[in-house]
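Structural overview for review
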Amino acid sequence: DKLLPQKSRSDRAIWGAYENFDISFPDTPLVWNAIRAAGYIYTNQVSEMGNAIYCELLPAQRVDGGWPFVKPLSTTPVNVTASALLPTAYLVRELQAVRVAYGWDSNTCGISYSLVTAINNGVTYLLTQKNADGGFGEGGLSGPLETAIAYRAIQSVNAAHAARIPESA
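As the structure is a prediction and not an experimental result, all values here were calculated from the model.

**So, the packing of helix H2 (residues 45–57) against helix H3 (residues 85–102)**
Where H2 contacts H3, the axes come no closer than 12 Å and their chain directions differ by 135 degrees. Taken as axis vectors, H2 and H3 run oblique relative to one another. Crossing handedness for the pair H2 and H3: left-handed. Contact with H2, carried on its side by Gln45, Val46, Met49, Ile53 and Leu57, involves Leu91, Leu95, Val98 and Tyr102 of H3 and no other residues of that element. Partitioning the contact of H2 with H3 into residue classes produces eight nonpolar, one polar and no charged.

**Description of the pattern of salt bridges**
With the rule as written, the count across this model stands at seven salt bridges. Notably, a salt bridge pairs Arg9 with Asp11, separated by 3.4 Å at the nearest N-O pair. Residue classification places Arg9 among the partly exposed residues on the basis of a relative accessible area of 33%. Across the salt bridge formed by Arg36 and Glu94, the nearest N and O atoms sit 2.6 Å from each other. Here Arg36 is found in helix H1 (residues 27–38), whereas its partner Glu94 is found in helix H3, with 58 residues between them in sequence. Relative accessible area serves as the criterion here: at 4%, Glu94 is assigned to the buried category. Three or more residues are tied together by salt bridges with common partners; here these are Arg9, Asp11, Arg12, Glu56 and Lys71.

**Details of the state of the cysteines**
If you walk through the whole model with that rule in mind, you get one disulfide. Here Cys55 pairs with Cys109 through a disulfide, and the sulfurs are 1.9 Å apart. On the sign convention where negative is left-handed, the bridge of Cys55 and Cys109, at about 105 degrees about the S-S bond, is right-handed. Residue Cys55 is located in helix H2, and its partner Cys109 is located in the loop between strand S3 (106–108) and strand S4 (112–114); the two are separated by 54 residues in the primary sequence.

**Observations regarding the confidence of the model for the protein chain**
In regions of low pLDDT, the predicted coordinates are not meant to be interpreted in detail. Residues at a pLDDT of 70 or more form 95% of the protein chain, whose mean pLDDT is 90. Element-level mean pLDDT values for the protein chain span from 90 in strand S1 (residues 7–9) up to 97 in helix H4 (residues 115–128).

**Observations concerning the packing of H3 against H4**
With their axes 9 Å apart at the nearest point, H3 and H4 run at an angle of 145 degrees to one another. The chirality of how H3 crosses H4 is left-handed. Every residue of H4 that contacts H3 at Leu85, Thr88, Ala89, Val92, Leu95, Gln96 and Arg99 is listed here: Leu115, Val116, Ile119, Gly122, Val123, Tyr125 and Leu126. Across the contact of H3 with H4, the residue classes tally to 10 nonpolar, three polar and one charged.

**Description of the side chain of Glu56**
Here Glu56 is to be found in helix H2. One polar contact links Glu56 to Lys71, side chain to side chain, over a distance of 3.3 Å. Not counting chain neighbours up to four residues away, the residues in contact with Glu56 comprise Arg9, Arg12, Ile14, Ile23, Phe25, Asn51 and Lys71.

**Points about H1**
The terminal C-alpha atoms of H1 lie 17 Å apart, and with 12 residues this matches the ideal 16 Å at 1.5 Å per residue to within 8%. Listed in full, the buried residues belonging to H1 are Thr28, Pro29, Val31, Trp32 and Ile35. Projected down its long axis, H1 shows its buried positions confined to an angular sector of 160 degrees, all on one face. Exposed and facing more than 90 degrees away from the buried side of H1 are Ala37 and Ala38. Those residues of H1 that are buried lie in contact with strand S2 (12–15), H2 and H3.

Conventions and cut-offs
Residues numbered from 1 in each chain as written. Predicted model: local features only at pLDDT ≥ 70, side-chain atom pairs only at ≥ 80, totals over all residues. Heavy atoms only, no water. Axes fitted to C-alpha atoms, helices over the stretch in contact; angles between N-to-C directions. Helix = DSSP H or I, 4+ residues; strand = E, 2+ residues; numbered from the N terminus. Parallel < 35°, antiparallel > 145°, perpendicular 65-115°, else oblique. Left-handed = near helix turned anticlockwise from the far one by under 90°. Contact = heavy atoms within 4.5 Å. Nonpolar A, V, L, I, M, F, W, Y, C, P; charged D, E, K, R; others polar. Salt bridge = Lys/Arg side-chain N within 4 Å of Asp/Glu carboxyl O. Buried < 20%, exposed > 50% of the residue type's maximum accessible area, 1.4 Å probe, protein only. Disulfide = S-S within 2.5 Å. pLDDT = per-residue confidence, 0-100. Polar contact = N/O pair within 3.5 Å; in protein donor to acceptor, adjacent residues only side chain to side chain. Expected span 1.5 Å × (residues − 1). Arc of directions from axis to C-beta.

Put into structure tokens, the structure is as follows:
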């Protein structure tokens with residue numbers, strides 16, 4: 001009940017970092033996860049999630065397969081419009097959960113998008129953030145938070161993915 005009034009748009013299940021801010025790519029999947037974990041279903045959930053996915057999230061995926069922290073605008077600094085590990089991992093995991101729950105793949109919002117392709121491209125981006133020590137992180141530095149979240153995202157798509165196999169195995 002607290003999260004729904006804080007959506008960025010009335011017709012889309014998207015959230016910003018603060019109430020009624022434009023979309024934030026880590027915040028939206030985190031809210032979806034909270035709603036899903038609570039077993040909460042609201043009246044327009046399916047249509048609003050579809051609008052969010054096909055009109056906001058998939059069009060914002062970068063060429064390298066990742067997502068930035070925020071929706072790029074002409075004045076947005078480059079450091080927050082480039083692909084980043086955390087928003088990509090959160091989105092991969094939640095998009096996979098939505099895909100499984102609703103059986104979605106292709107749909108249009110001006111352009112045709114494939115949810116499966118976007119998820120796979122997200123995993124590909126995450127794998128570019130795997131470092132020599134087996135952990136995940138940007139700039140060649142692995143962190144426990146980034147590693148755990150990246151592994152969980154990859155596992156949500158493919159539990160047997162080689163990225164999850166310890167190097168000593």
